[in-house]
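As a plain string of letters, each chain reads:
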Amino acid sequence: MSASRKLLILPGDGIGPEVMRQVRRVIDWMGRRRGVAFEVKEGLVGGAAIDAHGVPLTDATLAEAKAADAVLLGAVGGPRWDKVEFEKRPEAGLLRLRKDLELFANLRPALVLDALVDSSPLKADIVRGLDLLIVRELTGGVYFGEPRGIRDLGNGIRQGINTQVYTTTEIQRVARVAFELARKRSRRVCSVEKANVMESSLLWREEVTKLHQEEFVDVELSHMYADNCAMQLLRNPRQFDVIVTDNLFGDILSDEAAMLTGSLGMLPSASLGATDADGRRRALYEPVHGSAPDIAGRDMANPIAALFSLAMCLRHSFDLAEEAGLIEKAVAQVLKGGMRTTDIMAPGMARCSTTVMGDSITRALDKLNV
Ligand code: IPM
Ligand code: MG
């Protein structure tokens, strides 16, 4: 890795800029207090880029993203841009980043912290100690498949088309990531698809099974249909260790898994590409929550998902496990002390703003770092 660590921050829209401000503070803290310096650039993505440049991601920003060691993204989208052309909507900027950086493996951990066990809409007995990881395929499937579009069939009838498509290569590379991560956890992978309905899912199941037999027999593999998985996540979520699934099922199941933990405001994600010859791996980190336009600009958002995303970045892109652990410990302490943003508020706790949550976390970092 080069001596300087290059980070590109893309705050985006809605609550993105607010939560990324807290991330920026912790990055500065790392430089000041741990001697871990970063070369930080900022750029526009989503609606913010549409307003400034007419497109949700400029070629220049894409080039910056490719040159960076890691990208930290806030969130994109909002009702303000509902009327822009479909190809130029804010989400298209994020999708282009994922596709052009070839970030095919999306890691979405769902962890229930002890302090938040009562924030879950599920009974504490069901979610206590939950620690699962969804590995979502991110650059293929129905999100990008061709043909796609809306066509006129005449007689006032129109047809909408999207294509679910996967190659063996795409399936193998994301499955490999899931198996490798499972080796560092409880060594169990559940592969999720709809092989009872779709040929692309049948191929998915065959390829995952083959890879497992060839290289990962030390990991336990099971298969599950996506609808059953949605149900099992509510019935008994702790049965899962690593779930590997396609782009669309992963989108849906990861929102469900996130909610098990009490709030979308707690969940980070990492999107990883292939490792190149120099051991470098393109990566983008973002909270799972969206731009939350209803609370944007009110200093109410929970910055923890974005801070946990920074922790994932330190761990996966910069080999700074100790610094990542400090962030996670600081957050756990602050929550234990009773501070809560609105989304995770509970009786008897102290409601606080985004900024105050950030203040408390940096103070906890100071105390941990003596
Ligand atoms: C996500 C989001 C995105 C997706 C949107 C914003 C395009 O829901 O990251 O889960 O569908 O992938
Ligand atoms: Mg989603």
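Residues numbered from 1 in each chain as written. Chains lettered and ligands numbered in written order. Predicted model: local features only at pLDDT ≥ 70, side-chain atom pairs only at ≥ 80, totals over all residues. Heavy atoms only, no water.

A closer look at the packing of helix 8 (residues 226-235) against helix 9 (residues 247-260)
Link 1 in the chain: For the pair helix 8 and helix 9, the least separation of the axes is 10 Å and the interaxial angle reads 5°. Considering the angle they form, helix 8 stands roughly parallel to helix 9. In contact with Ala226, Cys229, Ala230, Leu233 and Leu234 of helix 8, helix 9 contributes Phe249, Leu253, Glu256 and Leu260. (Axes fitted to C-alpha atoms, helices over the stretch in contact; angles between N-to-C directions. Helix = DSSP H or I, 4+ residues; strand = E, 2+ residues; numbered from the N terminus. Parallel < 35°, antiparallel > 145°, perpendicular 65-115°, else oblique. Contact = heavy atoms within 4.5 Å.)

A few points about the packing of aromatic side chains
The geometry of an aromatic ring pair is captured by the separation of the ring centres together with the interplanar angle, meaning the angle of the planes.
Link 1 in the chain: Counted according to the given criterion, the structure contains 3 aromatic pairs.
Link 2 in the chain: Judged by centre distance (5.3 Å) and plane angle (75°), the rings of Phe38 and Phe318 are edge-to-face. With Phe38 in strand 2 (residues 38-42) and Phe318 in helix 10 (residues 304-318), the pair connects residues that are 280 residues apart, well separated along the chain.
Link 3 in the chain: Since its relative accessible area comes to 16%, Phe38 is described here as buried.
Link 4 in the chain: Note that Lys99 overlies the ring of Phe144, its terminal NZ or CZ placed 4.7 Å from the centroid. (Phe/Tyr/Trp six-rings, centres within 6.5 Å; stacked < 30°, edge-to-face > 60°. Buried < 20%, exposed > 50% of the residue type's maximum accessible area, 1.4 Å probe, protein only. Lys NZ or Arg CZ within 6 Å of the ring centre and 35° of its normal.)

Points about the side chain of Thr261
Link 1 in the chain: Take Thr261: it is sitting in the loop between helix 9 and strand 11 (268-275).
Link 2 in the chain: Separated by 2.5 Å, the side chain of Thr261 and the backbone oxygen of Ala258 make a polar contact.
Link 3 in the chain: Once you skip the residues sitting within four places of it in the chain, Thr261 turns out to touch Ala110, Leu111, Val112, Leu116, Met266 and Leu267. (Polar contact = N/O pair within 3.5 Å; in protein donor to acceptor, adjacent residues only side chain to side chain.)

Topic: helix 7 (residues 199-215)
Link 1 in the chain: Between the first and last C-alpha of helix 7 there are 24 Å, a value that for 17 residues agrees with the 24 Å anticipated at 1.5 Å per step.
Link 2 in the chain: Restricting attention to buried positions, one finds in helix 7 the residues Ser200, Ser201, Trp204, Glu207, Val208, Leu211 and His212. Down the axis of helix 7, the buried set is contained in an arc of 135°. They therefore lie on one face. In helix 7, the exposed positions angled more than 90 degrees off the buried face are occupied by Glu199, Gln213 and Glu214. (Expected span 1.5 Å × (residues − 1). Arc of directions from axis to C-beta.)

Notes on the site of ligand 1
Link 1 in the chain: The local shell around ligand 1 consists of Glu91, Arg98, Arg108, Arg136, Tyr143 and Asp251.
Link 2 in the chain: In this structure, an oxygen atom belonging to ligand 1 sits 2.8 Å away from a side-chain N or O atom of Arg136.
Link 3 in the chain: Note that an oxygen atom of ligand 1 is positioned 2.5 Å from one of the side-chain N or O atoms of Tyr143.
Link 4 in the chain: In the complex, 76% of the free accessible area of ligand 1, which totals 320 Å², lies under the protein chains.
Link 5 in the chain: Residue classes in the shell around ligand 1 are distributed as 1 nonpolar, no polar and 5 charged. (Near = heavy atom within 4 Å. Areas by Shrake-Rupley, 256 points an atom, 1.4 Å probe, with all protein chains shown as cover. Nonpolar A, V, L, I, M, F, W, Y, C, P; charged D, E, K, R; others polar.)

Overview of the side chain of Lys194
Link 1 in the chain: Along the polypeptide, Lys194 turns up in the loop between strand 8 (188-193) and helix 7.
Link 2 in the chain: Once residues within four sequence positions are removed from consideration, Lys194 is found in contact with Ser201, Tyr225, Ala226, Asp227 and Phe249.

Overview of unusual backbone geometry
Link 1 in the chain: Cis geometry is found at the peptide bond from Glu146 to Pro147, where omega equals 0°.
Link 2 in the chain: Mapping Pro147 onto the fold places it in the loop between strand 5 (131-137) and strand 6 (149-154).
Link 3 in the chain: In the Ramachandran plot, Asn155 falls in the positive-phi region, its phi being about 55° despite a non-glycine side chain.
Link 4 in the chain: By relative accessible area, which is 80% here, Asn155 ends up exposed.
Link 5 in the chain: One non-glycine residue, Asp319, lies in the positive phi region at around 55°.
Link 6 in the chain: Along the chain, Asp319 falls in the loop between helix 10 and helix 11 (321-336).

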